[in-house]
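# Reading the structure
Chain residues, written in single-letter form:
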Amino acid sequence: MNIPGHLAVGITQHHLLNFPPDDKKLLTVLLVGSLFPDIADKTIGYILKLMPGGRHCAHNIFSLLASTLIITKLVGNLAGYAWFSGYTGHLLVDSDRFMPWFFPLKAYNFPKGRGISFQADSMIKETLLLVLAVIIFYVNYARRIK
Ligand SMILES: [Zn+2]
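Scope of this entry: the structure provided in the associated data block. (Residues numbered from 1 in each chain as written. Predicted model: local features only at pLDDT ≥ 70, side-chain atom pairs only at ≥ 80, totals over all residues.)

## Notes on unusual backbone geometry
This is how it is decided: Each helix corresponds to a stretch of at least 4 residues labelled H or I by DSSP, and each strand to a stretch of at least 2 residues labelled E; elements are numbered beginning at the N terminus. With C-beta atoms placed from the backbone, a residue is labelled by how many other C-beta atoms lie within 10 Å of its own: buried for 20 or more, exposed for 12 or fewer, partly exposed between the two.
In this model, phenylalanine 103 is joined to proline 104 through a cis peptide bond whose omega is 10°. By the element assignment, proline 104 lies in the loop between helix H4 (77–94) and helix H5 (120–145). Its identity as a non-glycine residue notwithstanding, asparagine 18 has a phi of 65°, on the positive side. Position of asparagine 18 among the secondary structure elements: in the loop between helix H1 (3–16) and helix H2 (24–47). For asparagine 18, a count of 8 C-beta atoms within 10 Å corresponds to the exposed category. Despite not being glycine, lysine 49 shows a phi value in the positive range, around 55°.

Below is the structure:
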């Protein structure tokens, strides 16, 4: 999944998990958490070329738990829950392909990955999904502030 799809999943999680729609800090934390695994691993793998592929250091259960602990300690329990939700949503929707869930405790044969590239049909579908998620978010927000 690409950035628009991950953001759409994050916004949908924000709605389904009943986070306050007017709390922009929690929404921001959730959305950054929903993008963090790709920001970290694609930077490490494709830009810095320190690891093969784009799923390794941040696409596993240990980085999910450690980063959630850090966010919880720095920002608070609700922010930690928002981070955990966004991050977990990212890992779950990515799990249709290679996912090193237990790296670095378990050895993996990391695939080379496709690099930073986008398929037009996926981007269009995910962007439409994101637009739909944003519309639902604002309709919900408008209903709640009345
Ligand atoms: Zn990912």
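There is more to say after this.
## A closer look at the packing of helix H3 (residues 61–75) against H4
Going by this rule: Every axis in this analysis is a line fitted to C-alpha atoms, fitted for helices over the stretch in contact. Angles between the N-to-C directions lie between 0 and 180 degrees. Here the angle decides the label: under 35 degrees means roughly parallel, over 145 means roughly antiparallel, 65 to 115 means roughly perpendicular, and every other value means oblique. Here a crossing is called left-handed whenever its near helix is offset anticlockwise from the far helix by less than a right angle, and right-handed whenever the offset is clockwise. Residues are scored as being in contact if the C-beta atoms we place from backbone atoms lie within 7 Å. Under the grouping applied here, Gly and all other residues not named as nonpolar or charged are polar, the nonpolar ones being Ala, Val, Leu, Ile, Met, Phe, Trp, Tyr, Cys and Pro and the charged ones Asp, Glu, Lys and Arg.
Here H3 crosses H4 at 155°, and the two axes come no closer than 7 Å. Here H4 runs roughly antiparallel to H3, going by the angle between their axes. In this structure, H3 crosses over H4, and the sense of that crossing is right-handed. Within the contact between the two elements, H3 uses Leu64, Ser67, Thr68, Ile71, Thr72 and Val75 and H4 uses Asn77, Ala79, Gly80, Trp83, Phe84, Tyr87, Thr88 and Leu91. Taken together, the residues of the contact of H3 with H4 sort by class into 8 nonpolar, 6 polar and no charged.

## Here we look at the packing of H2 against H4
Put simply, H2 and H4 touch, their axes get as near as 7 Å, and they point 35° apart. Note that H2 runs across H4; the crossing there is right-handed. Where H2 abuts H4, its residues Lys25, Leu26, Val29, Leu30, Leu31, Gly33, Ser34, Phe36 and Pro37 lie against Leu78, Ala79, Ala82, Trp83, Ser85, Gly86, Tyr87, Gly89, His90 and Leu91. Classifying every residue of the contact of H2 with H4 gives 12 nonpolar, 6 polar and 1 charged.

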